[in-house]
Structures are given as structure tokens and as C-alpha cells.
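Report on the structure
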Amino acid sequence: MSTLDLTGVLCPLNWVRARLALEAMDAGEELRLRLDPGEPIESVPRSAREDGHDVDVHGDWVRIVKR
Amino acid sequence: MTLTDAELERYSRQLVLPEWSGAAQERLRDASAIVVGAGALGSPVATYLAAAGVGRLGIVDEDAVELSNLHRQPLHFTPDIGVNKAASAAAKLAFLNPEVQVEPYPARLDERNAEAIVMGADVVVDCSDSFETRYVVNDAACAERVDLVEAGVLGFSGLVLAIRPGESACYRCSFPSPPLAGAVPSCREAGVLGAMAGIVGAIQALEAIKLLAGVGAPLLDRILQLDGHDMGQTIVVTSRRDGCEACARVPVAAEAYH
């Protein structure tokens, strides 16, 4: 499991960083992201779902399982 | 080498594309492109390739900027009149994206230097303005097995064809011989609108990026014809021609298009 603290990183750069991290991982591996409230916590999970990953949101943390 | 923070920010709007990836961006950065001609097609082509992050760009043009060029060649500005077009283009591209290594070649591409210029490139984008040069570029790209994006624009008409030598039809497969002298008017005689050249050049740039990054479906074996009057688009399917003087002897690649 990898963790990325993306607080203070604006959209869409937070998703760019998360996406590159996912690209380096194997299918089934887990990535945890910490995101700012507002646009980041709304947009990044949506983008991750659109890319086909399994996504759970818990407060300001997002858990992504790579498809 | 991974992408720097500045590169992530510069390319963020393409890095978020579902079709794109960090690997695609690195393929562009590690790629080398030759743009033949820094005029009406070459301006948008070189601009978009540099902006997208193609690592090395060679710009070939021996002509100087003229006042009558400026309506359709947006890399050149009024104070550039008299300056070599390759140098003028390179100066603008360095401002646009300093991450890109731009090499101006203030020379005319001909039979003697063509293979040396395209050798080692990953893609050649033909933005030349004569049939003679077009066949020379095609033959050199085939001989060196470098991918090629051909295009032409005249009046409100445009044409684009992507070529993977040895795998898809080359320009000479589809057009075995040049039109008779005088049969097709030149840009000087027939005229051209800058915006029409811009559309065709932007399509050429997109095709080059698709070939380099390995995304999408390039116009291989398909000639796109555009009519700017009514925005009509026609795809003409073409194929390799047995005995083509340019590409028949190019061996078929062991690996299919990635």
C-alpha cells in the first residue's frame, strides 16, 4: 500500500500525481490519498472512478484499489 | 527519468486525459521530430509539438520571412521579416517551451541531405510547399523507416495522411507520380486562408503526437480530405502498392503497431 499526502495540491495536479502513482502500481494494489476539502475531495474520487478503479472516501482520505 | 514538478504542471491538462499517461508523456519527451518547412503548416505543427513536450524538434527551412507570409504563418511576426524561418520559429518555440531542444536547419531539404536529416528521428512531419520536396521527404522517411505525416493545403481544401513505412501506404503508394507541371496551382496562384492551413496543421500535429505516444488510431492507410467551405470530411482508404519505388523494399516490421 502507498500513501500520498496531496493537501495543498490544487486540481488537477493532485489527480495527475495520484494517476502517475497508480500507473507505477500493479492491479489490485491500494493507494491512499489525503486531500483538501471542497473541489479536491469531490473531483479526485470521481476521476479515479472514471478511470475504472475501486474508490472509497473516508473524511479527507481516499482509498483507491487499482483496477 | 521521471517527470519533474514543472513538467507535471506544464502538461497537467493532457496528463489527466484518460487516453494519456505518464508513460505517454515520457515517450514524447524522449522523442525526436523533424518538421520540414516552418510556414503555414509548420507553424501550428511546431507550436503544438513543442507545447505538448516532444523532446527534440528539428525545423528545416531555408527561406526568410516575407510580409506576404504573415497571414498564415503564426510563428512569424512582423519584426521577423527578412529573418530565416527556421531561426524565427526556433526563437518562438524556445519561449513557448524551454524544456524542448529546438534545432533550426536553415537549409532546403533535397535528395542530397534528406536521409541525413530524417535519420534517427522518430517522426517526420512534412510541411513543405512543393510536390518535389514531398516526394523527397517521403522517399527519405521510407528509406530510413521513420514515421511520416504528410499534408497539403490549397484554398479551402486540405489533405492529411499518416505513414508507417513498411506497414502502411506511403505517399508514393497513393500518389505514384506528381501532378503534371502547371496542373495544380501553387499557393501563390490559388491562395490560401491562414485558418484553413491552421486546421490542417493542427491535425498533422495530432497525428504526429498519436504516432509518438502510441495513443489513438493514426490515419494509417486512410487519407483525410477536408473541405473548409462546408467542413465536409472524406476518408479515402488506401493501401500499400506492389512495387512502390519508395517503400516496397522496406521490410515489414516484426512487431505490430503498439
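This is a predicted model, so every value here is computed, not measured.

Bringing the overall build of chain B into the picture now. Helix and strand counts for chain B come out as 10 helices and 8 strands. Computed over the C-alpha atoms, the radius of gyration of chain B is 17 Å, within 12% of the 18 Å expected from 2.2 N^0.38 for a compact globule of 258 residues. With 258 residues in all, chain B has 51% of them scored as buried. Of all intrachain contacts in chain B linking residues separated by at least 6 positions in sequence, the fraction that spans at least 24 positions is 67%. With the model as given, the accessible surface of chain B reaches about 11800 Å², and the carbon-plus-sulfur share is 56%. Each charge sign in chain B was given a centre, from 20 positive and 33 negative side chains, and these centres are 1 Å apart.

The next point concerns the environment of A:Ala18. All names here are of chain A. Structurally, Ala-18 can be placed in helix α1 (residues 13-23). In sequence terms Ala-18 and Gly-38 are 20 residues apart; their C-alpha atoms lie 17 Å from each other. Once residues lying within four places of it in the same chain are set aside, the contact partners of Ala-18 are Leu-4, Leu-6, Leu-31 and Leu-33.

Before going further, it helps to examine the side chain of B:Arg172. Within the fold, B:Arg172 resides in helix α8 (residues 171-174). Contacts of B:Arg172, omitting those with residues within four sequence positions, involve B:Tyr135, B:Asn138, B:Asp139, B:Arg241, B:Cys244, B:Glu245 and B:Ala246.

At the junction of the two partners, chain B supplies 14 residues and chain A supplies 9 residues. Between chain B and chain A the total buried area reaches about 890 Å² when both faces are included, carbon and sulfur atoms providing 63% of it. The largest contributions to the chain B side of the interface with chain A come from B:Leu8, B:Leu15 and B:Val16, which together make up 47% of the buried area. Between B:Asp5 and A:Arg17 there is a salt bridge whose closest N-O contact spans 3.0 Å. Joining chain B to chain A, the criterion identifies 7 residue pairs in polar contact (both at pLDDT 80 or more). Elements that contribute at least two residues to the side of chain B that touches chain A include exactly α1 (5-10), α2 (12-15) and α3 (22-29) of chain B. Residue composition of the side of chain B that touches chain A, by class: 8 nonpolar, 3 polar and 3 charged.

Residue and element names in this part refer to chain B. Its place among the elements puts Cys-244 in the segment after β8 (232-237). Here the alpha-carbon distance between Cys-244 and Pro-18, two residues 226 residues apart in the chain, equals 39 Å. Once residues lying within four places of it in the same chain are set aside, the contact partners of Cys-244 are Cys-170, Arg-172 and Cys-173.

What follows covers the packing of α3(B) against helix α10 (residues 194-213) of chain B. In a pair of packed helices, the angle between the axes and the distance between the axes together describe the arrangement. Residue and element names in this part refer to chain B. At a minimum axis distance of 8 Å, the contact between α3 and α10 shows a crossing angle of 110 degrees. Put simply, α3 runs roughly perpendicular to α10. Of the residues in α10, those in contact with Ala-24, Arg-27 and Leu-28 of α3 are Ile-209, Leu-212 and Ala-213.

All names here are of chain A. Strand order in the open sheet made by the 4 strands is β1-β2-β4-β3, with mixed pairing throughout. Edge positions in the sheet fall to β1 (2-5) and β3 (54-58), since each has one partner strand and no second. Neighbour-to-neighbour, the strand axes of this sheet turn through a mean angle of 20 degrees, independent of strand direction. Those strands touched by helix α2 (residues 39-50) are β2 (30-34), β3 and β4 (61-65), and its axis lies near 160 degrees from that of β3.

This next bit is on the pattern of salt bridges. Proximity of charged atoms lets side chains of opposite charge pair with each other. Considering all chains together, one arrives at 16 salt bridges over all chains under this definition. For B:Lys92, the salt bridge is made with B:Asp80, and the minimal N-O distance between the two is 2.7 Å. Residue B:Lys92 is located in helix α5 (residues 85-96), and its partner B:Asp80 is located in the loop between β2 (56-60) and α5; the two are separated by 12 residues in the primary sequence. The class of B:Lys92 is buried, set by a relative accessible area of 14%. Given the relative accessible area of 13%, B:Asp80 is considered buried. The closest approach of N and O atoms between B:Glu150 and B:Arg134, which form a salt bridge, is 3.6 Å. Taken together, the residues span a long stretch of sequence, with B:Glu150 in strand β5 (residues 147-154) and B:Arg134 in helix α7 (residues 131-144) at a distance of 16 residues. Pair check on accessibility: B:Glu150 and B:Arg134 agree, each one buried. One salt-bridge network, in which partners are shared between bridges, spans A:Glu30, A:Arg32, A:Asp56 and A:Arg63.

The rules we used
- As a convention, each chain's residues are numbered from 1 in the sequence order in which they are written.
- Chains and ligands are labelled sequentially in the order written, the chains with letters from A and the ligands with numbers from 1.
- The model is predicted, so local features are restricted to residues of pLDDT at least 70 and side-chain atom pairs to those at 80 or more, both for listing and for counting; the totals for chains, interfaces and linings are taken over all residues.
- The basis for every side-chain value is the complete set of heavy atoms in the structure, and neither hydrogens nor water enter the calculation.
- Going along the chain from the N terminus, every DSSP run of H or I of four or more residues is numbered as a helix, and every run of E of two or more is numbered as a strand.
- Throughout, the radius of gyration refers to the C-alpha atoms, and the reference size of a globule is 2.2 Å times the residue count to the power 0.38.
- Relative accessibility under 20% of the residue-type maximum defines a buried residue, over 50% an exposed one, and the middle range a partly exposed one, all with a 1.4 Å probe and only protein chains included.
- Whether two residues touch is decided by their heavy atoms; if any such pair falls within 4.5 Å, the residues are in contact.
- Computed by Shrake-Rupley with a 1.4 Å probe, the accessible areas treat only the displayed protein chains as cover when residues are assessed.
- Two residue types count as positive, namely Lys and Arg, and two as negative, namely Asp and Glu; His and chain ends fall outside the count.
- The location of each charge is read from NZ of Lys, CZ of Arg, CG of Asp or CD of Glu.
- By convention, the term buried area covers the 1.4 Å-probe accessible surface removed from two parts as they join, with the contributions of both added.
- Salt bridges are defined by distance alone: a side-chain nitrogen of Lys or Arg within 4 Å of a carboxyl oxygen of Asp or Glu.
- Polar contacts, as used here, are pairs of N or O atoms within 3.5 Å; protein pairs need one atom able to donate a hydrogen and one able to accept it. Residues neighboring in sequence count only if both atoms are side-chain atoms.
- Note on residue categories: nonpolar means Ala, Val, Leu, Ile, Met, Phe, Trp, Tyr, Cys or Pro, charged means Asp, Glu, Lys or Arg, and polar means any other residue, Gly included.
- With axes taken as lines fitted to C-alpha atoms, and helix axes fitted only over the stretch in contact, angles between N-to-C directions fall between 0 and 180 degrees.
- Should an angle fall under 35 degrees it is taken as roughly parallel, and over 145 as roughly antiparallel, whereas 65 to 115 is taken as roughly perpendicular and any remaining angle as oblique.
- By the convention used here, strands pair only if DSSP detects at least 2 bridges between them.

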